[in-house]
Amino acid sequence: MTDFIDKLKENVKDILFPVRCPYCETLIHKTEYACENCKKQFPSPAIIKHAVGGYKCTSPFPYDGIFKKAVKKFKFGNKGGYAKQLAFPIVQSILESYQGVNFDLITCVPMHKNRLIERGYNQAELLAKECAKIMNIPYFDTLEKFRENREQHSIKASERAKNVKGVYRIIDKELVRDKKILIIDDIITTGNTLGECSGMLIKSGCNSVDCAVLCAVIMN
C-alpha cells in the first residue's frame, strides 16, 4: 500500500510539475537533462579558464546562445528547479577535466543574506548541491559573504577585483583544513570572484582548490 501511495504521489507530481528542458523549455522525461535538439548544440570538449590566482576552472558551455538564456532564466527568472538538469553537464566537464582528483567536499560561492532574501535562492548553491548528489561527494558551506557589494555583472571588468576584495570569510577552518575542494559557481567572467573565494580557502589551510561553472564568458 505504501509503495502504491508513493507511486501515486510521484505521478501527481509529474503532472503538476512536468520537467522541461532548461534551454528551450520543451517538455522532457524526468530522467533527461535536456531535449535532443538542445543536446546537439552542446560543445565538446570542456572549456578551461583560470580564475584570478591561477585556479583552474572547467565549464561545459560558453556564455552564449541557448546556454546564456538558460543561465538568465535560472538566475533571474525564478527557475531554481532547473538546477538538477543544469548540474549534469557541469559534472561531465568536471569528470573530463579533473580525472584522478578525489575531492573531499564540494562548496559554492556564497551570496549575501540580503541578496538571498531578494532572489529567494543562491543559484550557485543549488548547482553545487546537485553536483554533490550526482558525484556522491559531501556538500558543505565553507564561505560566508558578510559584506554586501555591487553585483559583478553590473560593473566594469577593471573594477571587479576591488569589488570582491574582503567580502568573504571562512566559516570553519577545521572543516577545510587539508581538504581537496571543488568550488562551484554559475558563471566565470574575469575570474575575480572565484579567485577571491579560492584564495580564502587556500589561506585557511585546504590542500587544493579547483573550480567548475555552468558557463564561461569567452574574452576576446
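Described below are features of the structure shown in this document.

Parameters and conventions
Residues numbered from 1 in each chain as written. Predicted model: local features only at pLDDT ≥ 70, side-chain atom pairs only at ≥ 80, totals over all residues. Heavy atoms only, no water. Buried < 20%, exposed > 50% of the residue type's maximum accessible area, 1.4 Å probe, protein only. Helix = DSSP H or I, 4+ residues; strand = E, 2+ residues; numbered from the N terminus. Pairing = 2+ DSSP bridges. Salt bridge = Lys/Arg side-chain N within 4 Å of Asp/Glu carboxyl O. Phe/Tyr/Trp six-rings, centres within 6.5 Å; stacked < 30°, edge-to-face > 60°. Lys NZ or Arg CZ within 6 Å of the ring centre and 35° of its normal. Axes fitted to C-alpha atoms, helices over the stretch in contact; angles between N-to-C directions. Left-handed = near helix turned anticlockwise from the far one by under 90°. Contact = heavy atoms within 4.5 Å. Nonpolar A, V, L, I, M, F, W, Y, C, P; charged D, E, K, R; others polar. Core = buried A, V, L, I, M, F, W, Y, C linked by side-chain atoms within 4.5 Å. Disulfide = S-S within 2.5 Å.

Once that is clear, we can look at the pairing of strand 1 (residues 47–51). Of the two faces of strand 1, the one lined by I47, K49 and A51 is fully buried and the one lined by I48 and H50 carries no buried residue. When strand 1 meets strand 2 (residues 55–59), the two strands line up antiparallel, connected through 5 bridges. Bridge pairing in strand 2 places I48 opposite T58. Linking two consecutive strands that pair antiparallel, namely strand 1 and strand 2, is a turn of 3 residues; a positive phi of about 105° is found at G53 within it.

Per the counting criterion, the structure on display carries 10 salt bridges. E130 serves as the salt-bridge partner of K133, at 3.8 Å between the closest nitrogen and oxygen. In this pair, K133 and E130 both sit in helix 6 (residues 123–135), 3 residues apart, roughly one turn of the helix. The class of K133 is exposed, set by a relative accessible area of 61%. What you see here is one network of salt bridges that share partners, running through E32, E36 and K39.

Applying the stated criterion across every chain yields a total of 10 aromatic pairs. Directly above the ring of Y33 sits K39, whose terminal nitrogen or CZ lies 4.9 Å from the centroid.

Geometrically, the link from S44 to P45 is a cis peptide bond, its omega value of 5° lying close to zero. Tracing the backbone through its elements, the reader meets P45 in the loop between helix 2 (36–39) and strand 1. The residue E25 is not glycine, and still its phi comes out positive at about 70°. Structurally, E25 can be placed in the loop between helix 1 (2–16) and helix 2. Note on E25: relative accessible area 28%, which makes it partly exposed. Even without glycine at this site, D178 takes up a positive phi of about 65°.

Attention shifts here to the packing of helix 4 (residues 83–97) against helix 6. Closest axis-to-axis distance for the helix 4/helix 6 pair is 8 Å, and the angle between their directions is 60°. For the pair helix 4 and helix 6, the sense of crossing is right-handed. Listed contacts from helix 6 to A83, K84, L86, A87, F88, I90, V91, I94 and L95 of helix 4 are L126, L127, E130, C131, I134 and M135. Of the residues that constitute the contact of helix 4 with helix 6, the class distribution is 13 nonpolar, no polar and 2 charged.

By size, the foremost hydrophobic cluster in this structure holds 40 residues, and its most contacted members are Y23, I94, I106, L182, I184 and L214. Secondary-structure elements contributing two or more residues to this core are helix 3 (65–76), helix 4, strand 4 (105–108), helix 6, strand 7 (180–188) and strand 8 (208–216). A51, V167, I183 and M200 belong to the second largest nonpolar core, which has 24 residues in total.

What follows deals with the state of the cysteines. Using the criterion set out here, one finds 0 disulfides in the structure. With no disulfide partner, C131 has as its closest neighbouring cysteine sulfur the one in C108, 11 Å distant. The thiol of C197 is not disulfide-bonded; the next cysteine sulfur, from C108, is found 8.6 Å away. Classification of C197 by relative accessible area gives buried; the value is 0%.

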